[in-house]
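# Residue-level structure breakdown
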Amino acid sequence: MTERIVAYTADTIRAAEAPLLAAGRPLMREAARALARVVADELVRTPGPVLVLAGSGDNGGDVLFAAAHIAREGTRVDVVLTRDRVHREALDTALAAGARLRDASEICAAGSDHVLVLDGILGIGASADPRLRGTARAVVEALLPAVIEGRVRVVAADLPSGLHPDSGEADAAVLPADITVTFGAVKAGLLRGRGPELSGRLVLVDLGLEPQLRLVHPAITAVVPVVRRAPAERA
């Protein structure tokens, strides 16, 4: 439904998450379950293999835990790590569930037979300049033609990788998402700059940040379509 959405900066959202993390809330696991449910819904429409692009930060952990849920349902899940460093528990969980590692060079050289890409390269913890580099950039540039032609759908975790979470700035090496599953609160960059162009349909997953966020001013408000997912829907 279309409604007035409040969006926040990355720093504000991290501050709102902090007390929940300190209390032991498994926010990454909760986000991953919600993400996997959205992917499952998409696979009902277009069944086929899923390519997971996992970076070194929390978004990489989100998509790897989601990959485990997806693989357990019998879908072929291929994982490309865009950095040497990875969330080890999440990767081990995904591999134990049946996901398989693929080298980035295979995707770049041979193309992809995947029907859906799950983008978890970068999140809100990225540097001030979130432009993709190295392996991540090479893989995204290799996938872009199929995505632009509509042969592969993209679900972005939290925000499309390479999009600045606050300003919405981005260069050409960003996979435009069909759906962005954003966790806890809408990031300001999804509503600014190239955000609306690159983020597709917004799905907002409730992680219980509202009490903290009510104490601060949002960065931006806008009337946009959004689908809300409550915790019960993620179980």
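Look up a bit, the structure's there.
Note that the structure is predicted; figures quoted are calculated from it, not measured. (Residues numbered from 1 in each chain as written. Predicted model: local features only at pLDDT ≥ 70, side-chain atom pairs only at ≥ 80, totals over all residues. Heavy atoms only, no water.)

### Considerations on the layout of surface pockets
Roughly 720 Å³ of internal volume is contained in the largest pocket. In terms of lining, the largest pocket is formed by 35 residues, of which the most central are Gly57, Asp58, Asn59, Gly123 and Gly125. Counting only elements with at least two residues in the lining of the largest pocket, the list comes to α1 (10-22), α2 (27-45), α3 (58-72) and α6 (134-148). Ranked by residues supplied to the lining of the largest pocket, first place goes to α1 with four residues. (1 Å grid on protein atoms, 1.4 Å probe; cavity = no way out; pocket = protein on both sides within 12 Å on 5 of 7 lines; lining within 4 Å. Points joined across faces, edges and corners; volume = space filled by probe spheres on them. Helix = DSSP H or I, 4+ residues; strand = E, 2+ residues; numbered from the N terminus.)

### Some thoughts on the pairing of strand β2 (residues 50-54)
Here is the key point about a regular strand: its side chains alternate between the two faces of the sheet. Of all five residues making up β2, five are buried, and the element is well covered by its neighbours. Residues Val50, Val52 and Ala54 point to one face of β2 and Leu51 and Leu53 to the other, with burial holding for every one of them. Note that β2 and strand β3 (residues 77-81) share five bridges and pair parallel. Directly across from Val52, in β3, lies its bridge partner Val79. As judged from the five bridges shared by β2 and strand β5 (residues 116-120), these two strands associate in the parallel manner. By the bridge assignment for β5, Val52 is matched with Leu118. (Buried < 20%, exposed > 50% of the residue type's maximum accessible area, 1.4 Å probe, protein only. Pairing = 2+ DSSP bridges.)

### A closer look at the nonpolar core
Counting 65 residues, the largest nonpolar core has Leu35, Leu118, Val181 and Leu191 as its most contacted members. With ten residues, α2 is the largest single contributor of residues to this core. The next biggest cluster of nonpolar side chains, apart from the first, holds 20 residues, and it includes Ile107, Ala136, Ala146 and Val147. (Core = buried A, V, L, I, M, F, W, Y, C linked by side-chain atoms within 4.5 Å.)

### Observations concerning the environment of Arg133
With respect to the helices and strands, Arg133 occurs in the loop between β5 and α6. Since its relative accessible area comes to 48%, Arg133 is described here as partly exposed.

### Looking at α6
Between the first and last C-alpha of α6 there are 21 Å, a value that for 15 residues agrees with the 21 Å anticipated at 1.5 Å per step. Along its length, α6 reaches its greatest deviation from straightness, about 30°, at Ala142, and the proline Pro145 lies no more than four positions downstream. When α6 is considered as a whole, its buried residues turn out to be Ala136, Val139, Val140, Leu143, Leu144, Ala146 and Val147. Of the surrounding secondary structure, the elements contacted by the buried residues of α6 are β2, β3, α5 (104-110), β5 and β6 (153-157). Backbone geometry just after α6 places Gly150 at a positive phi near 85°. (Expected span 1.5 Å × (residues − 1). Bend = angle between axes of the 7 residues up to and from the residue. Contact = heavy atoms within 4.5 Å.)

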